[in-house]
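A structural walkthrough
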Amino acid sequence: MNLNQDARVMLNAMREGILVIDTQGRIVFANRAYREFLAQEMGGETGPVEGKILRELRPGARLPEVVATGHPILHAPRMEKKDKIYFVNMYPIRQDDQVVGGLSVVTFLKDAYDFQNELERFEQRSKQVLRRVNKANSARYTFDSIVAVGENVRAVKALARKAAETDATVLLASESGTGKELYAQAIHNASARKNELFVAINCANFNANTLESELFGYVEGAFTGAKKGGKIGLFEAANGGTLFLDEVSEMDYSLQAKLLRAIQEGRIRPVGGVDEIEVDVRLISASNADLPAYIDKGKFRRDLYYRLSTFQIHIPPLRERREDIPTLTDVVLSELSQKLKRSISITDEARRCLAAHDWPGNVRELRNVLEFSAYLSDNGTIVRASLPEHISRPAAQEQEIPLAQRVRNFEREEINKLLVKNGTDLAGKRKTASQLGISLATLYNKLTD
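The following paragraphs examine the structure supplied in this document. (Residues numbered from 1 in each chain as written. Predicted model: local features only at pLDDT ≥ 70, side-chain atom pairs only at ≥ 80, totals over all residues. Heavy atoms only, no water.)

**Brief notes about the packing of aromatic side chains**
Overall, the coordinates contain four aromatic pairs when judged by the stated rule. Ring geometry for tyrosine 34 versus phenylalanine 37: centroids 5.3 Å apart, planes at 65°, classification edge-to-face. Separated by three residues within a single helix, tyrosine 34 and phenylalanine 37 lie in helix α2 (residues 32–42), roughly one turn from each other. The exposure class assigned to phenylalanine 37 is buried, which follows from its relative accessible area of 2%. Residues phenylalanine 216 and phenylalanine 235 carry aromatic rings whose centres are separated by 5.5 Å and whose planes lie at 20° to one another, so their mutual orientation is stacked. Here phenylalanine 235 lies in helix α9 (residues 234–237) and phenylalanine 216 lies in helix α8 (residues 208–216), a separation of 19 residues in the sequence. On the basis of relative accessibility, which here comes to 2%, the residue phenylalanine 235 falls in the buried class. Directly above the ring of tyrosine 294 sits lysine 299, whose terminal nitrogen or CZ lies 4.1 Å from the centroid. (Phe/Tyr/Trp six-rings, centres within 6.5 Å; stacked < 30°, edge-to-face > 60°. Helix = DSSP H or I, 4+ residues; strand = E, 2+ residues; numbered from the N terminus. Buried < 20%, exposed > 50% of the residue type's maximum accessible area, 1.4 Å probe, protein only. Lys NZ or Arg CZ within 6 Å of the ring centre and 35° of its normal.)

So, in structure tokens, the structure goes:
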């Protein structure tokens, strides 16, 4: 077994000690780093070593054992006479399924420490870059983004501003679609943590095990399918900033205990890990469920509820803040005009229909209705006829409509929803008819019926 000159040059350039022996235990090659290491162990210059029997120079050498057994020895710690620690990886060299020699790679502890420190510095730099990138896509909304015309909403907004001045936990308790994340982002951006990350997660989207690994991270090998190297959790990612837990009411009861401990101790333990990680995170939670009722039913921990709700903020539903509807409508239409690249307006009659609706879906429903109506308005003006029929027709009048007409109205609304997605040209109408399982002629009939 011979090494060509190019291989020798490359191996001599390495900081690790490289040793190659044949099946007789004779040294075939030792690079410069290994020869220096050997000289230190033997207390002086060794002279040429190639061709010598390894165990005559180092009686305790284990590389011949690797050659004899064909099994590598990895991460073996050793110590020089001068108390310098090193680690050795030893491998059999095979050719045509036959062991033809052995290779030893010596890594000195100082080099290992230097490498670890460099890795840590690289990881820190990577985290800083990641935080800067994420910050650009983090919390976009401020208190200026919140429409508050009605007196009750102005009071809520003022309370949220007070909460932003503290580092206390906040619980946003309100119906779905009222803008809880908007408030959470505004609180973050008005707080002392505004230059750090805002990280959001919807607890209802994950089962207990997945949510735990999302929040706390996991170490390599924690479970089947775990990523190599593990994964950082959202608590660690949001360190120094704000973590927003939406629909916290849907968190598994057993996981609630771990969340409570993280809040109380300021420390987390990744799934499958042993060491704890210190975190400094401001928590904002949101729920559209009745948490006190959940507590009575044994679905939510009372102690966690008190921990999460130092500041409890109730955002009124849209039906209780009708003064906001005109301004909210104008804000949404302005956004739609930019999105659709054409001016979108609304008539007074259509506005009155919006003001009379109870909006069970709150601001989210208002936004969806306006977008739907904007797509149906040919000239960019939303009129009463552009609105969904359950909004354009008063409830009292709706009750007087015969069943057959209600069915036709429902069918027309469902068709229009698909046309908004698929397009109102011939191709879009054909696709809509196909999705509904009807012919194109039937589609036209139902639209004109």
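**Here's the deal with the side chain of lysine 429**
Inspection of the secondary structure assignment puts lysine 429 in helix α19 (residues 426–436). The contacts of lysine 429, once residues within four sequence positions are left out, are Leu419, Gly423, Thr424, Leu440, Leu443 and Tyr444. (Contact = heavy atoms within 4.5 Å.)

**Points about the packing of helix α13 (residues 325–340) against helix α14 (residues 348–356)**
Packing of α13 against α14 leaves a shortest axis separation of 10 Å and a crossing angle of 120°. Overall, the two elements α13 and α14 adopt an arrangement that is oblique. Read as a crossing pair, α13 and α14 show a hand that is right-handed. Contact with α13, carried on its side by Ile325, Pro326, Thr329 and Asp330, involves Arg351, Leu354 and Ala355 of α14 and no other residues of that element. Within the contact of α13 with α14, the residues separate by chemical class into four nonpolar, one polar and two charged. (Axes fitted to C-alpha atoms, helices over the stretch in contact; angles between N-to-C directions. Parallel < 35°, antiparallel > 145°, perpendicular 65-115°, else oblique. Left-handed = near helix turned anticlockwise from the far one by under 90°. Nonpolar A, V, L, I, M, F, W, Y, C, P; charged D, E, K, R; others polar.)

**Some remarks on the packing of α13 against helix α15 (residues 362–376)**
As a packed pair, α13 and α15 sit with axes 10 Å apart at the nearest point and diverge in direction by 45°. Between α13 and α15, the angle is such that the two are oblique. The element α13 and its partner α15 pack so that their crossing is right-handed. Where α13 approaches α15, its residues Leu328, Thr329, Val332, Leu333, Glu335, Leu336, Lys339 and Leu340 are matched on the opposing element by Val363, Leu366, Arg367, Leu370, Glu371, Ala374 and Tyr375. Residues belonging to the contact of α13 with α15 are distributed by class as follows: ten nonpolar, one polar and four charged.

**Notes on the sheet that holds strand β6 (residues 170–173)**
With respect to topology, five strands assemble into an open sheet ordered β7-β8-β11-β6-β12, the strand pairing being parallel. Taken across any chain shown, the strands that pair with only one partner, and hence form the sheet edges, are β7 (198–202) and β12 (311–313). Recorded for the sheet is a direction-independent mean angle of 15° between the axes of neighbouring strands. The sheet contacts of helix α6 (residues 151–164) involve β6, β11 (282–287) and β12, and relative to β12 the element is tilted by about 155°. (Pairing = 2+ DSSP bridges.)

**Remarks on the side chain of glutamate 365**
Residue position: glutamate 365 is located in helix α15. For the buried residue glutamate 365, which engages in no salt bridge, the nearest side chain bearing the opposite charge is arginine 319, 8.3 Å off. Only 2.8 Å separates the side chain of glutamate 365 from the backbone nitrogen of glycine 361, close enough to count as a polar contact. Discounting chain neighbours no more than four positions away, the residues touching glutamate 365 are His357, Trp359, Pro360 and His390. (Lys, Arg positive; Asp, Glu negative; His and termini not counted. Salt bridge = Lys/Arg side-chain N within 4 Å of Asp/Glu carboxyl O. Polar contact = N/O pair within 3.5 Å; in protein donor to acceptor, adjacent residues only side chain to side chain.)

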